[in-house]
Structures are given as structure tokens and as C-alpha cells.
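Working through the structure, step by step
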Amino acid sequence: MAGPVIRAERLSLRHGKGCALCHAPDFVAETNICPQCGTVWALRDVSFDVMPGEVFGIVGESGAGKSTLIDILDFARDPSDGAILYAPWKEGLVPVHDATAQERRYLRSFEIGVVHQNPRRNLMMGVSAGGNVVERMLAAGNRHIGEMRGVAGDMLDHMELAGRMDLKTGTLSMGMRQRVQIARALVNSPKVLLLDEPTTGLDLSVQARTLDLIRQVHRRLGLAIILVTHDWSVLRLMARRAIVLKAGRVVERGTVAQLMEDPQAPYTQLLVSSAL
Ligand SMILES: Nc1ncnc2c1ncn2[C@@H]1O[C@H](COP(=O)(O)OP(=O)(O)OP(=O)(O)O)[C@@H](O)[C@H]1O
């Protein structure tokens, strides 16, 4: 079997310098805040592999570090320690911190697409749905307007947004905005899609339809998806393997079936039982 498409290797991100106590390798705390120096460890020693074509889940409650992790995977911020290694970029797994600014731009434009919980992070509300999709193609160096409009139209059709191409994004419903984000994220055929709570806050029927569209995309394109969620029903529907994050640390990892049916860590047991 081919090797991983992404590897997160002992990723940590701290807000603050830390001190001798919290830098110690065996430091454990109930929260992500060092009791001595007040440094917040948004992530601590997080490691995982994502295989090509797999949907990999990251589950945790608010504040667990999920968005921080997505921002690191999307190169919006660098980890304090540890490394992200990507395979699509060159032969084999290569640490991203070795990449030049130009290579990072390439990775962000072509290899990785991201869908944020808040569409405003990715979309310009005063610009049309099609314009938001075309803008990503422009950023990737495409200059043929007619061709880009055609591709954007096809992407929006796939996302059940036919006829909405020229409407301002700000006039669309939340569910539609999420689908514009997905079209935008996919338009340059990335090998990895990062989904940060893509259906949180949507009505249940809209949520189900959006997840269904993501599943269709996954089947059609076979790309790897990293799905961040706090919702076990979404996780069960979409992902095969997952990690459970608590206060920035991985407390358990396994198949979603095992995590839900036979959770080992007390924290996972609590999360699963409260979701039932
Ligand atoms: N600038 C900052 N300074 C100090 N602590 C921060 C800062 N930014 C984030 N944090 C803390 O880092 C931790 C992880 O934040 P993060 O936003 O990644 O969590 P999350 O799991 O995505 O939660 P949510 O779903 O609520 O956004 C939280 O405890 C948060 O309070």
C-alpha cells in the first residue's frame, strides 16, 4: 500500500514561551494552561498519518485545538515544535518547513483545499459565487477567463448551485455558502481536503445534504480528507479512523467504530456517552 499523504509529527503550538515545568517531556496537566507560567499549549505532541483517499477524523470539544491544527495543516501558522510532512509535493514525505515561500504557495493553491466553519474566512461576500471560485484559479496562475467561468460553473453545478453563479455570495444561505467554499476548495483538484466543522450550524436537512455531497466528491475524486468535528454522528458517517483531542493532546486513536463502541480513554467514554 502507498505511504501516507500527510504526516503530523509531534506538533505543538503554544501561546507563550513556556517554562522548565511545561517544557518537560513528561509534563501533564488537566487543562492546556501551564499552572506555573500560564502558557497555553493549544497543541501538544500531536502525531498522525493520513493515507491517500482516506477520510480521517479529528474529534474534540471546543478549545481542544482543532482549528489550530487545521491552521497548521493549511500553513496559516507554523507549529512551535514538530513538523508537517506532505507527500504530494515531491517524491516521498517532505517536511513543509523546508519549503520555500513559493513552494508553500504551490501547496496551498494546488495540493490542499480548505473549508472553514466560518465561510467568511474563505469567501468574499460581496463577490459572486462564481467569482469566489474563479479567484482561486487566478491565484493558481490561470488567466483564461472563459475557461475559468466554465470550470467554476461545472463545480457549482456539482454542488447543486446551478443558476447561482452570478449571485453575490452574501445573498446565499449558509448551506449554499458552505457549498461555494467546497467548490472553491476543489477547483484546482487538490489531493487533500481539510474540512473544519463544515456542517456545524446548518439545519439538519442541509447538513445531511452537504455531507452527502462531500461523500460523492470523495468517491468521485478519491482525495484524502481531514475532517475536524465535534459531532460523532458526522464522524461515524464520514470517517474510518480518527484521533480524539483533549486540551491539545491526542487522548485516543483508532477506527471510528472502535472509538464509539469500545472507547478506552475516560475522556472518549465521556464524549461518546454524552453524544448518545
Ligand atoms: N492567541 C491565543 N492566546 C492564548 N490562547 C489561545 C490563543 N488562541 C487560541 N488559544 C487557545 O488555544 C486552545 C485551542 O484553540 P482552538 O481555537 O484551536 O480550539 P478549537 O478546538 O478549534 O475550539 P473551537 O471549536 O471553539 O474554535 C484554546 O484553549 C484557546 O483558548
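Shown above is the structure to which this text applies.
Residues numbered from 1 in each chain as written. Predicted model: local features only at pLDDT ≥ 70, side-chain atom pairs only at ≥ 80, totals over all residues. Heavy atoms only, no water.

A word on the pattern of salt bridges
If you walk through the whole model with that rule in mind, you get 15 salt bridges. Between E54 and R241 there is a salt bridge, with the nearest N and O atoms lying 2.7 Å from each other. Of this pair, E54 sits in the loop between strand 2 (40–50) and strand 3 (55–59) while R241 sits in strand 9 (residues 241–246), and the two are 187 residues apart along the sequence. Since its relative accessible area comes to 11%, E54 is described here as buried. The partner of R184 in a salt bridge is E135, and the shortest N-O contact between them spans 2.7 Å. Taken together, the positions of R184 in helix 6 (residues 174–186) and E135 in helix 4 (residues 129–139) put the pair 49 residues apart, joining distant regions of the chain. Of the residues examined, E135 reaches a relative accessible area of 29% and is grouped as partly exposed. Overlapping salt bridges, with partners in common, bring together D71, R77 and R121 in one network. (Salt bridge = Lys/Arg side-chain N within 4 Å of Asp/Glu carboxyl O. Helix = DSSP H or I, 4+ residues; strand = E, 2+ residues; numbered from the N terminus. Buried < 20%, exposed > 50% of the residue type's maximum accessible area, 1.4 Å probe, protein only.)

Comments concerning the sheet that holds strand 5 (residues 94–95)
Judged by pairing direction, the sheet is antiparallel, and its 4 strands sit side by side in the order 2-1-4-5 without closing on themselves. Of all the strands in the sheet, just strand 2 and strand 5 have a single pairing partner and so form its edges. Pairing of strand 1 (residues 6–15) with strand 2 involves 7 bridges; the strand directions are antiparallel. Counted as the bridge partner of R14 is W41 from strand 2. (Pairing = 2+ DSSP bridges.)

Structural notes on the environment of W41
The residue W41 is located in strand 2 in this model. A relative accessible area of 4% means that W41 is categorised as buried. Taking the C-alpha atoms as reference, W41 lies 38 Å from M159; in sequence the two are 118 residues apart. Not counting the four nearest positions on each side in its chain, W41 is found in contact with S12, L13, R14, C22, H23, N32, A247 and G248. (Contact = heavy atoms within 4.5 Å.)

Section: the site of the ligand
Surveying the vicinity of the ligand reveals the residues H15, N32, V40, A42, E61, S62, G63, A64, G65, K66, S67 and T68. Interatomic distance of 2.9 Å between a side-chain N/O atom of N32 and an oxygen atom of the ligand. With respect to the ligand, the backbone of K66 contributes an N or O atom lying 3.0 Å from an oxygen atom. Considered on its own, the ligand offers 640 Å² of accessible surface; in the complex 58% of this is hidden by protein. For the shell around the ligand, the elements supplying multiple residues, two or more each, are strand 2 and helix 2 (66–73). With 3 residues, the single largest contributor to the shell around the ligand is helix 2. Considered class by class, the residues forming the shell around the ligand number 3 nonpolar, 7 polar and 2 charged. (Near = heavy atom within 4 Å. Polar contact = N/O pair within 3.5 Å; in protein donor to acceptor, adjacent residues only side chain to side chain. Areas by Shrake-Rupley, 256 points an atom, 1.4 Å probe, with all protein chains shown as cover. Nonpolar A, V, L, I, M, F, W, Y, C, P; charged D, E, K, R; others polar.)

Looking at the packing of aromatic side chains
Summed over all chains, the structure comprises 3 aromatic pairs. Here the aromatic rings of F48 and F56 are separated by 5.2 Å at their centres, their planes lie at 20°, and the arrangement is stacked. For F48, a relative accessible area of 3% translates into the label buried. Among the residues examined, F56 registers a relative accessible area of 1% and is labelled buried. Judged by centre distance (5.2 Å) and plane angle (35°), the rings of Y106 and F110 are tilted. You can see Y106 and its partner F110 sitting in helix 3 (residues 101–111), 4 residues apart, about one turn around the helix. For R44, the ring lying beneath its charged end belongs to W41, and the centroid distance is 4.1 Å. (Phe/Tyr/Trp six-rings, centres within 6.5 Å; stacked < 30°, edge-to-face > 60°. Lys NZ or Arg CZ within 6 Å of the ring centre and 35° of its normal.)

Re helix 7 (residues 204–221)
For helix 7, with 18 residues, the first-to-last C-alpha span of 26 Å sits near the 26 Å given by 1.5 Å per residue. In this structure, the buried side of helix 7 is in contact with strand 3, helix 5 (145–158), helix 6, strand 7 (192–196), strand 8 (224–229) and helix 8 (232–238). Positive phi shows up at G222, right after helix 7, with a value of about 65°. (Expected span 1.5 Å × (residues − 1).)

Some remarks on the state of the cysteines
The tally for this structure, following the rule as stated, stands at 0 disulfides. Lacking any disulfide linkage, C34 is separated from the closest cysteine sulfur, that of C37, by 3.6 Å. Here C34 falls in the buried class, since its relative accessible area comes to 3%. Not engaged in a disulfide, the cysteine C37 finds its nearest cysteine sulfur in C19; these two sulfurs lie 3.6 Å apart. (Disulfide = S-S within 2.5 Å.)

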